[in-house]
Amino acid sequence: MTNSLRPHGHHSQPLPPVQEPADGMTAPRPSPTSQERPPGPERPPAAASKPAKSRDPFFDNAKYLAIVLVAMGHAWQPLTSDSRAAEALYMVVYAFHMPAFIVISGYFSRSFDMRKDRLQRLVTGVAVPYILFETAYSLFKRWADDDPTHPISLLDPWYLTWFLIALFIWRLTTPLWKIVRWPVPLALALALLASVSPDIGDDLDLQRVLQFLPFFVVGLVLKPEHFQMVRRREVRLLALPVFAAALLVGYWAAPRMSSAWFYHRDSAQEMGFAWWVGVIMTLALFGCSMVLTACFFAWVPRRHMWFTALGAGTLYGYLLHGFLAKGSRFWGWYETYDWVRTPLGMIGVTLIAGAIVTVLCTPPVQRLFRFAMEPKMNWAFKRDATELARERAKSGAAIR
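Here the structure is a predicted model, which is why all the values come from computation and not from measurement. (Residues numbered from 1 in each chain as written. Predicted model: local features only at pLDDT ≥ 70, side-chain atom pairs only at ≥ 80, totals over all residues. Heavy atoms only, no water.)

1. Considering the overall build of the protein chain
A count of helical and extended segments in the protein chain gives 17 helices and zero strands. Counting over 400 residues, the protein chain shows a buried share of 47%. A total of about 20,800 Å² of accessible surface is found on the protein chain, and carbon and sulfur atoms cover 66% of it. (Helix = DSSP H or I, 4+ residues; strand = E, 2+ residues; numbered from the N terminus. Buried < 20%, exposed > 50% of the residue type's maximum accessible area, 1.4 Å probe, protein only. Areas by Shrake-Rupley, 256 points an atom, 1.4 Å probe, with all protein chains shown as cover.)

2. Observations concerning the UniProt feature "transmembrane region" (unreviewed entry) in the protein chain
Mapped onto the present numbering, the UniProt feature "transmembrane region" (unreviewed entry) falls at residues 88–109, 121–140, 152–170, 235–253, 273–299, 306–324 and 344–365. For residues 273–299, helix accounts for 89% and strand for 0%, while the C-alpha atoms at its two ends are 36 Å apart. The distance from the first to the last C-alpha atom of residues 306–324 is 25 Å, and the span holds 58% helix and 0% strand. (UniProt positions renumbered as here; feature names shortened; annotations may be inferred.)

3. Digging into the packing of aromatic side chains
One pass over the full model with this rule turns up 39 aromatic pairs. Pairing F140 with W331 gives two aromatic rings, centres 6.0 Å apart and planes at 80 degrees, and the pair type is edge-to-face. With F140 in helix α4 (residues 116–144) and W331 in the loop between α13 (314–330) and α14 (333–336), this pair connects stretches of sequence that are 191 residues apart. Its relative accessible area of 37% is what places W331 among the partly exposed residues. Aromatic side chains W306 and F307 sit 5.2 Å apart centroid to centroid with 90 degrees between the ring planes, which places their arrangement in the edge-to-face category. (Phe/Tyr/Trp six-rings, centres within 6.5 Å; stacked < 30°, edge-to-face > 60°.)

4. Details of the packing of helix α2 (residues 57–76) against α13
Two quantities define a packed helix pair, namely the angle between the helix axes and the distance between the axes. Look at α2 against α13: their axes get within 10 Å of each other, and the N-to-C directions meet at 10 degrees. In this view, α2 runs roughly parallel relative to α13, as classed from their interaxial angle. Facing K63, Y64, I67, V70, A71 and H74 of α2, the residues of α13 in contact are T314, G317, Y318, H321, A325 and R329. Partitioned by chemical class, the residues of the contact of α2 with α13 number six nonpolar, four polar and two charged. (Axes fitted to C-alpha atoms, helices over the stretch in contact; angles between N-to-C directions. Parallel < 35°, antiparallel > 145°, perpendicular 65-115°, else oblique. Contact = heavy atoms within 4.5 Å. Nonpolar A, V, L, I, M, F, W, Y, C, P; charged D, E, K, R; others polar.)

5. Side note on helix α15 (residues 343–360)
Taking 1.5 Å of rise per residue, the 18 residues of α15 would be expected to cover 26 Å, and the 26 Å separating its terminal C-alpha atoms lies within 8% of that figure. Taken together, the buried positions of α15 are occupied by G345, M346, G348, V349, T350, A353, G354, V357, T358 and L360. Looking at the packing, one finds that the buried side of α15 touches α2, α3 (84–107), α13, α14 and α16 (363–373). (Expected span 1.5 Å × (residues − 1).)

6. With respect to the pattern of salt bridges
Tallying each qualifying case throughout the model produces 13 salt bridges. For D82, the salt bridge is made with R341, and the minimal N-O distance between the two is 2.6 Å. Note that D82 is positioned in the loop between α2 and α3 and R341 in the loop between α14 and α15, a separation of 259 residues in sequence. Notably, a salt bridge pairs D145 with K141, separated by 2.7 Å at the nearest N-O pair. Accessibility expressed as a relative area gives 30% for D145, which makes it partly exposed. Given the relative accessible area of 11%, K141 is considered buried. What you see here is one network of salt bridges that share partners, running through R55, D60 and K63. (Salt bridge = Lys/Arg side-chain N within 4 Å of Asp/Glu carboxyl O.)

7. Things to note about the side chain of Q211
Mapped onto the secondary structure, Q211 falls in helix α8 (residues 206–211). On the accessibility criterion, Q211 (6% relative accessible area) is buried. A polar contact is formed between the side chain of Q211 and the side chain of Q207, at a distance of 2.7 Å. Among residues more than four places away in sequence, those in contact with Q211 are A191, A194, S195, H264 and D266. (Polar contact = N/O pair within 3.5 Å; in protein donor to acceptor, adjacent residues only side chain to side chain.)

8. Description of a negative patch on the surface
A contiguous patch of negative charge, built from D156, D199, D202, D203 and E270, is present on the exposed surface. Looking at the secondary structure, you find E270 in the loop between α11 (233–253) and α12 (275–298). (Patch = residues over 30% accessible without salt bridge, like charges linked within 9 Å, V, L, I, M, F, W, Y side chains within 5 Å. Lys, Arg positive; Asp, Glu negative; His and termini not counted. Charge placed at Lys NZ, Arg CZ, Asp CG, Glu CD.)

9. Here we look at the environment of W252
Along the chain, W252 falls in helix α11. The spatial distance from the C-alpha of W252 to the C-alpha of A88 is 7.9 Å, given a sequence separation of 164 residues.

10. So, the side chain of S109
Looking at the secondary structure, you find S109 in the loop between α3 and α4. Side-chain polar atoms of S109 contact the backbone oxygen of S105, separated by 2.7 Å.

11. As for the environment of G106
You can see G106 is positioned in helix α3. Here the alpha-carbon distance between G106 and V217, two residues 111 residues apart in the chain, equals 6.2 Å. Setting aside anything within four residues of it in sequence, one finds G106 in contact with F216, G219 and L220.

12. A closer look at the nonpolar core
Residues I102, W162, F163, W170, F296, F297 and Y318 are the most contacted members of the largest nonpolar core, which totals 101 residues. Sort the elements by how many residues they give to this core and α3 lands first, with 15 residues. Filtering out sequence-adjacent residues up to four positions away, Y318 remains in contact with I67, V70, M98, Y137, L160, W162 and F163. (Core = buried A, V, L, I, M, F, W, Y, C linked by side-chain atoms within 4.5 Å.)

Have a look at this one:
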């Protein structure tokens, strides 16, 4: 991105209204008519039309658990060369943790359009953090890896920043996906073409942008009832043997298949295969990822948990934990401490990674790094006459 999706005995309860954090918008409650309004002093118009905000804990739980799996996967990667079991677990988790997170990102981008406030939020919440963290990661590599010549390039995302540039591009294209007749097949066709096109290059990490695109488009077309379907008891029970089978297949495939397929970073030819292998693998991995993502959603808790509030800070955890993940390689921690390659050591590394990313999602860390992740940049945008008139009207009402 566990407990069951909801307390027992409430399997038919519908999903509550969901706040869409991708755009910061919610549908306002309809104001009562004069016949429906109860007697008493009239409320000011601003209070009557104030939108109701609510967050569905299911999605915050899913985002938090997905980010924890991302951090654990990064902690396992140096151990996969020595352990077939670690490689199998790594491959299974990589098959669905980013797809699940991207599906959620698409789901909360459904209302995105070219409206001014949403474009401004896209710039301040995605583009600006991309610029800042791409620069920070490049400087960190120069220092920590003793690589003073490492370039600072906004056109060639390094490490985790690919997701930000991908999200920027995906969200800008959202209006197009909302008007085409078959959005998911079209997105999948683009992913197939990308997987057999080695000339795309590394600019803006377009291979990943295109190969992960179908998961974002799936999120765009999903509706609340689709998430309701995976929460049924029979789906949860079916998810257990599916995950078990995936682990067995992963254990079989570990010495036979490169985990680089799950990165969606290169074409088939760049990985040393014929072009048609890219077509087969892209289709097969898309199917496997969607099945495992559905199984993951089936077991995401539906109710408020101790970690639910951390779901609002998952992008903080995602970007900040990368410094420690890369630093552990640069500073040779996995070679210095032999205990990490023992079974207990691998469990310890897993718990440490989960604990670190959990701390990085907490509100104090969010407040500390909000200047970079959610900067207020009103000074950078024009203000139209309608907005100025609205503010003057509010000020006048407040004075009266």
